[in-house]
Amino acid sequence: MKFVSILMGSKSDYEIMKHCADTFEKFGVKYELIISSAHRSPQRTKGYISQAEEKGAVAFIAAAGMAAHLAGAVAASTTKPVIGVPMKGGAMDGMDAMLSTVQMPAGMPVGTVALGRSGAVNAAYLAMQILAIFDKELAIKLQEDRIIQAKKVESDSKEIEVLI
Ligand code: RP5
């Protein structure tokens, strides 16, 4: 069974990452979500990745704040695509997490998305776009979603636009 694995460094990341899970739900894409920390539970993180791969994980999404080593630690243990979601918060409000997540050494990629809710949602979209390369039904759903987004812009604009 193919699915996407979402890892969060802490329960405190769930408030944002539930938007990632919700996005998979909306498209009917299977996912699992666990809490595992690169620093607080490194053995659990490493062990989980091999178990998830055996079960059919096709991509990993890793969300963490502050030193934010999680996405890099996941990338070190798999050759599946890894998407990193930096979490806001802490003394630097996410700038630290963003730099920690994005600055990976050559040959060890982490595709890093935005801070906050947009990043959580886009992590799911990016994972689905990867899956959709070999899943025509999902590709069509993503194309339809773009049409819906474009229509929403038009209808929002009609409500408030002022043209001369
Ligand atoms: C990171 O530290 C977690 O991913 C979280 O974003 C941040 C704070 O964790 P808690 O102290 O709230 O558990 O490892």
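A brief structural summary.

Rules used throughout
- Sequence order as written defines the numbering, with residues in each chain counted from 1.
- pLDDT decides what is reported in this predicted model: residues at 70 or higher carry local features, side-chain atom pairs at 80 or more are listed and counted, and totals for whole chains, interfaces and linings draw on all residues regardless.
- Side-chain numbers come from the whole structure's heavy atoms, not from hydrogens or water.
- Helix numbering and strand numbering both begin at the N terminus, where a helix is a DSSP run of H or I of at least 4 residues and a strand a DSSP run of E of at least 2.
- The reference for a compact globule is 2.2 Å times residues^0.38; the radius of gyration itself is calculated from the C-alpha atoms.
- When a residue's accessible area, from a 1.4 Å probe over protein chains only, is under 20% of the maximum for its type it is buried; when over 50% it is exposed; and in between it is partly exposed.
- DSSP bridges decide pairing: two strands pair if at least two such bridges lie between them.
- Candidate patch residues must exceed 30% relative accessible area and have no salt bridge, after which like charges are joined if within 9 Å and Val, Leu, Ile, Met, Phe, Trp or Tyr side chains if within 5 Å.
- Accessible areas in this description were obtained via Shrake-Rupley with a 1.4 Å probe; residue shielding takes into account the shown protein chains only.
- The term salt bridge refers to a side-chain nitrogen of Lys or Arg lying within 4 Å of a carboxyl oxygen of Asp or Glu.
- Each axis is a line fitted through C-alpha atoms, and for a helix only the stretch in contact is used; angles between axes span 0 to 180 degrees, taken between their N-to-C directions.
- The crossing is said to be left-handed when, going from far helix to near helix, the turn is anticlockwise and less than a right angle, and right-handed when the turn is clockwise.
- Contact between two residues is taken to exist if any of their heavy atoms lie within 4.5 Å; hydrogens are not considered.
- Residues are grouped as follows: Ala, Val, Leu, Ile, Met, Phe, Trp, Tyr, Cys and Pro are nonpolar; Asp, Glu, Lys and Arg are charged; every other residue, Gly included, is polar.
- Every angle not falling under 35 degrees, over 145, or within 65 to 115 is termed oblique; those three ranges are roughly parallel, roughly antiparallel and roughly perpendicular.

**What about the overall build of the chain?**
Phase 1 of the analysis: A tally of regular secondary structure across the chain gives 6 helices and 5 strands.
Phase 2 of the analysis: Listed N to C, the secondary structure of the chain is β-α-β-α-β-α-β-α-β-α-α in terms of helices and strands.
Phase 3 of the analysis: A compact globule built from 164 residues should have a C-alpha radius of gyration of about 15 Å, and the chain, at 17 Å, falls within 12% of that.
Phase 4 of the analysis: Across its three principal directions, the C-alpha atoms of the chain cover 60 × 40 × 30 Å.
Phase 5 of the analysis: Across the 164 residues that make up the chain, the buried fraction comes to 41%.

**Overview of the sheet that holds strand S1 (residues 3-8)**
Phase 1 of the analysis: Spatial ordering of the open sheet is given by S2-S1-S3-S4-S5, a layout of 5 strands whose pairing is parallel. Edge positions in the sheet fall to strand S2 (31-35) and strand S5 (111-112), since each has one partner strand and no second.
Phase 2 of the analysis: Strand direction decides the pairing type here: strand S3 (residues 57-65) and strand S4 (residues 82-87), joined by 6 bridges, are parallel. Along S4, the bridge assignment pairs Ile61 with Ile83.

**Considerations on a nonpolar patch on the surface**
Phase 1 of the analysis: A surface patch of nonpolar side chains, about 390 Å² in accessible area, is lined by Met92, Met95, Leu99 and Val102.
Phase 2 of the analysis: Tracing the sequence through the fold places Met95 in helix H4 (residues 95-102).
Phase 3 of the analysis: Residue Met95 is classed as partly exposed on the basis of its relative accessible area, which comes to 45%.

**Section: the packing of helix H1 (residues 14-27) against helix H5 (residues 116-131)**
Phase 1 of the analysis: Look at H1 against H5: their axes get within 8 Å of each other, and the N-to-C directions meet at 35 degrees. For the pair H1 and H5, the sense of crossing is right-handed. Facing H1, whose interface residues are Ile16, Met17, His19, Cys20, Thr23, Phe24, Lys26 and Phe27, H5 presents Gly116, Arg117, Ala120, Val121, Ala123, Ala124, Tyr125, Ala127 and Met128.
Phase 2 of the analysis: Residues belonging to the contact of H1 with H5 are distributed by class as follows: 12 nonpolar, 3 polar and 2 charged.

**With respect to the packing of H5 against helix H6 (residues 136-160)**
Phase 1 of the analysis: Here H5 crosses H6 at 135 degrees, and the two axes come no closer than 8 Å. Regarding the angle of H5 to H6, the classification is oblique. Considering only the axes of H5 and H6, their crossing is left-handed. Contacts between H5 and H6 involve Tyr125, Met128, Gln129 and Leu131 on the former and, on the latter, Leu138, Leu142, Asp145, Arg146 and Gln149.

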